[in-house]
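Commentary on secondary and tertiary structure
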Amino acid sequence: MEFRKVEADLLERNQRRIESILETGKVTKRHCDTRPSVGTVRTREYHDVEYCVVATGDGQYEFNGRMYRSLSMIAREITGTRWSGPLFFGLKAPAKPATSARKATRR
């Protein structure tokens, strides 16, 4: 199977998850993984310049011919300020602002 070349432990992780569900009868909430699949190209336009990042097989990211350990490091390189890399590249939705009802109760 082709996907085993990319994520060799995927089948194993899924099997453990299935066994856990069968044993407990409960589906546990998994941590949201924002890491893109290997080979995924993410683009982001920032100040009228388009930036491209490629996810590599070793869990890193290639950007402008250099390797980075995280998307956040790349977002910081692009913007000059600290950013959530997954948020900057659109892999994670921004936090929801407080609703007007919640704002009213805080006063």
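Residues numbered from 1 in each chain as written. Predicted model: local features only at pLDDT ≥ 70, side-chain atom pairs only at ≥ 80, totals over all residues. Heavy atoms only, no water.

Concerning the overall build of the protein chain
Counting its regular elements, the protein chain contains five helices and four strands. Across the protein chain, helices and strands are ordered from the amino to the carboxyl terminus as α-α-β-β-β-β-α-α-α. Classification of the 107 residues of the protein chain by burial places 17% in the buried group. Of the contacts made within the protein chain by residues no fewer than 6 positions apart, 17% connect residues no fewer than 24 positions apart. Surface summary for the protein chain: the accessible area is close to 8700 Å², and the carbon and sulfur share equals 51%. (Helix = DSSP H or I, 4+ residues; strand = E, 2+ residues; numbered from the N terminus. Buried < 20%, exposed > 50% of the residue type's maximum accessible area, 1.4 Å probe, protein only. Contact = heavy atoms within 4.5 Å. Areas by Shrake-Rupley, 256 points an atom, 1.4 Å probe, with all protein chains shown as cover.)

Thoughts on the pairing of strand β2 (residues 49-55)
Remark: a regular strand shows side chains that alternate across the two faces of the sheet. The pairing of strand β1 (residues 41-46) with β2 spans six bridges and is classified as antiparallel. Looking at the pairing, R42 lines up with V53 of β2. Here two bridges tie β2 to strand β3 (residues 61-63), and the two strands are oriented antiparallel to one another. Bridge assignment links V54 to a residue of β3, and that residue is E62. (Pairing = 2+ DSSP bridges.)

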